[in-house]
Amino acid sequence: MPEKKPFERLPSTVVPVNYKISLKPDLEKFTFSGKETVTVQVKSAVDEIVLNCVDIVISKATFAAEDKEIGSSDISYSKDNESATITFPSSLAVGSGSLALVFTGELNDKMKGFYRSKYTTPGGEERYCAVTQFEATDARRAFPCWDEPAIKATFDITLIAPKDKVVLSNMNATSEEVSPDDPSLKVVTFGTTPVMSTYLVAFVVGEFDFVEGKSADGVVVKVYTPLGKKEQGDFALEVAVKTLPFYKDYFNIAYPLPKIDLIAIPDFAAGAMENWGLVTYRETALLVDPKNSSAKAKQWVAIVVEFLDPPLEWWTHLWLNEGFASWIEYLCVDHCFPEYDIWTQFIANDYTKALELDALKNSHPIEVPVGHPDEVDEIFDLISYCKGACIIRMLHDFIGDDAFRKGMNIYLTRHKYENTFTEDLWRALGEASGRPIEDIMGTWTKQMGFPVLRVTREKKGDKQVLTIHQEKFSADGQKEDGDFKWMVPISIATASQPTKVIEKLVLDQPSVSVTVSAADSEGIKINPGTVGFYRVQYSSEMLEALLPGIRDQVLPARDRLGLESDMFALAKTGQASTVDVLKLIEAFENETDYTVWMEIATNLGLMGVLLAETDCRPHLRGFVKQLFTKVYKKMGWDMVENESHLNALLRALSIRVMGRNGHEPTVEEARRRFKAHHSGGDQLPADLRNAVYLIVLTHGDEDTLNDMIAFYKEQDLQEEKDRIQRSLGAIQDPALIRKVLEFSMGVSTGTTVSYSTIMT
């Protein structure tokens, strides 16, 4: 067998300047035909043009320059490199020219490239729309192109589609005419895009309703929804209208396009894709039903509705794209909805997940060299997204908001419509802050893992001498070979004034001693706000001094959460006693914060899995019920008028935990309320449905499971379907678990089940 050639990026001998693309999808045959004329620059005399092309057949190719036109002599395809080579009978002269192509392709069912998506009309008829998903390397499935992020151009898109369909692309439509070839079709031409990468191009043909608004800056915003569900787009419209002015103010750069469309796609693999001017979403990430969507679902929509996308040179720098977008969406939600306390939720949703994954031996650095585009999918993971967001958050805290905003303005202005490397961002932030950002952050992006800081202290009157030692944290508790060392930004505060930083330093050695002004009885908190991406292990005496701050909640929620998370993680590695962890958890009896309780529930659920087949499991259930009793009684079952968003989430969590752990009054109340809800009587509030479904299934039988599956089939709202699907795994009987598996294999879900949902 011949040896496989190593992957090579496209040659730079010919590069595009502008694409004029015309596409005509056929929603019955699931094919499309296309024509494109690409204005190119020939950098050196060659007789062939190599560009990306997958599942597309090019039937004709010509090249024109200086009033001369030549046809291709051969068109060949490379399956491995996903490319087409167009050969001409003579060399192409250096300078400007145009490549004209005629081609056909398939509207595939792979949810990538130019693909078909099935939906159901209000009348119950199944139909299809044609949509796109190009990131990372699937624009080549829609039109032949130079499908690398660094090879940017402008795009003029024209779509030929049935007259009754909505037709969208990145830019606003500049003309719409009846097709001269078929009066049932229309020809829609869109404005020229800014210079951008192929993966940000998008177009949609289908049936949609929409709601419309305008930002304070005059940008037209539309949210497209399934037919008959336009009211479900109102909340996303509200968020989008607030978001654009926020970004303009924060980065001091205006949104560059005249419009932005947000559209819910029936079949969509990701949560969202931030194509310029046409952002595509999974339905549950964009739509909010005023009557049937939970507070959690509404919050998820608020987080996902964002549009920032830093320019990339190559997919090695993917983390910068995804990690930065993950961080900025939280920043924007915090501005628009401060009542969500979203940065505390960030710790539970992103920070702890990233720490868990990055402690594994099979983790990888944030910045991973990428060769063949096939490798890109391998790094679309929580390291790129969550750890990327975490180190951006750590850097933002380290240099301060003013310097960060100044640096981001330098970066975005300097590289507008250009390609960037990670180092370009560090350089701009270094200029703004006067700090060696590139040196510091290189230790976080170019090596896997993170440190645990082991802290001890010696008291000296009104001073304390802290000794801080760093070493790589490993999930199995074993020391790893290798010279792991980070430049660690560290902040220090006292337990009595936990928001006042008394010392800041960068730990760039294995250990350091630092003297702080604090009485010998004062508790010391490392990493206030749980911003630094590392674990902290205190001496027993230092940890004991922090417990009063948990009991009386003088320590902020983010610090209470961080202490609990670190202790559980250390116990799992064998570096802390599980008994000590449970003693720590007892200090949370008076806890009032939803996110802290959620993290506790998640970790106790994981402990329950470890003890599932032991005699200790009933004792753990009793401990959990005792711990949650006070907050359960306080929250009750019924919503209070004008209660906070977080209290709505906390009520559902406390009910779920008590019911899942066998609190009989909770189980009976859940059964009663589900029976009424299922039979068309008193309807469950949306916030409680997931908890009730889980409880009745946990303690249910085959009839319960059959009722729930039948109930699933009756639902129209995708969010409700997801709620039921996520609950089915709670059934306990092994025979019924098999039935759930068989059912799930017949349903295309795209959903995931969290530990906190199933285990607590």
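In this report, the structure presented in the accompanying data block is examined. Predicted model, so just to flag it, every value in this text is computed and none were measured.

Our focus in this paragraph is helix 5 (residues 382-399). Spanning 18 residues, helix 5 covers 25 Å between terminal C-alpha atoms, matching the ideal 26 Å at 1.5 Å per step. Of all 18 residues in helix 5, 15 are buried; the element is thus mostly enclosed. Phi turns positive one or two residues past the end of helix 5, at Gly-400, with a value near 90 degrees.

This paragraph deals with the sheet that holds strand 23 (residues 488-494). Here we have three strands laid out as an open sheet, ordered 24-23-26, and antiparallel in their pairing. Of all the strands in the sheet, the pair left with one neighbour each is strand 24 (501-507) and strand 26 (524-526). Between one strand and the next, the sheet's axes are offset by a mean angle of 20 degrees, whatever the strand orientation. Two elements, strand 23 and strand 24, share six bridges in a ladder whose sense is antiparallel. By the bridge assignment, Ile-492 is partnered in strand 24 with Glu-503.

This brings us to the pairing of strand 1 (residues 14-26). Pairing of strand 1 with strand 2 (residues 31-42) involves twelve bridges; the strand directions are antiparallel. The residue bridging Ser-22 from the neighbouring strand is Lys-35, located in strand 2. Connecting strand 1 to the antiparallel partner strand 2 that follows it, the hairpin turn spans four residues, and Phe-30 within it adopts a positive phi of roughly 60 degrees.

A separate point is the packing of aromatic side chains. Under the defined criterion, the tally for this structure stands at 34 aromatic pairs. For the ring pair Phe-246 and Tyr-247, a centre distance of 5.7 Å and an interplane angle of 55 degrees mean the geometry is tilted. Taking relative accessible area as the criterion, Phe-246 reaches 8% and is therefore assigned buried. Note on Tyr-247: relative accessible area 8%, which makes it buried.

Counted according to the given criterion, the structure contains six cavities of 30 Å³ or more. In this structure, the largest cavity is lined by Met-394, Asp-397, Phe-398, Pro-489, Ile-490, Ser-491, Lys-504, Asn-527, Pro-528, Val-531, Gly-532 and Tyr-534. Mapped by element, the contributors of at least two residues to the lining of the largest cavity are helix 5 and strand 23. Estimated volume of the second largest cavity: approximately 70 Å³. Lining the second largest cavity we find Tyr-351, Lys-525, Ile-526, Asn-527, Thr-530, Tyr-534, Val-536, Tyr-538, Gly-562, Leu-563 and Asp-566.

Before going further, it helps to spend a moment on the packing of helix 14 (residues 645-660) against helix 16 (residues 686-698). At a minimum axis separation of 8 Å, helix 14 and helix 16 run at an interaxial angle of 5 degrees. Taken together, the axes of helix 14 and helix 16 lie roughly parallel to each other. Of the residues in helix 16, those touching helix 14 at Ala-648, Arg-651, Ala-652, Ile-655, Arg-656, Gly-659 and Arg-660 are Asp-687, Leu-688, Asn-690, Ala-691, Leu-694, Ile-695 and Thr-698. In terms of residue class, the contact of helix 14 with helix 16 is built from seven nonpolar, three polar and four charged.

Reading guide: rules and limits
Residues numbered from 1 in each chain as written. Predicted model: local features only at pLDDT ≥ 70, side-chain atom pairs only at ≥ 80, totals over all residues. Heavy atoms only, no water. Helix = DSSP H or I, 4+ residues; strand = E, 2+ residues; numbered from the N terminus. Expected span 1.5 Å × (residues − 1). Buried < 20%, exposed > 50% of the residue type's maximum accessible area, 1.4 Å probe, protein only. Pairing = 2+ DSSP bridges. Axes fitted to C-alpha atoms, helices over the stretch in contact; angles between N-to-C directions. Phe/Tyr/Trp six-rings, centres within 6.5 Å; stacked < 30°, edge-to-face > 60°. 1 Å grid on protein atoms, 1.4 Å probe; cavity = no way out; pocket = protein on both sides within 12 Å on 5 of 7 lines; lining within 4 Å. Points joined across faces, edges and corners; volume = space filled by probe spheres on them. Parallel < 35°, antiparallel > 145°, perpendicular 65-115°, else oblique. Contact = heavy atoms within 4.5 Å. Nonpolar A, V, L, I, M, F, W, Y, C, P; charged D, E, K, R; others polar.

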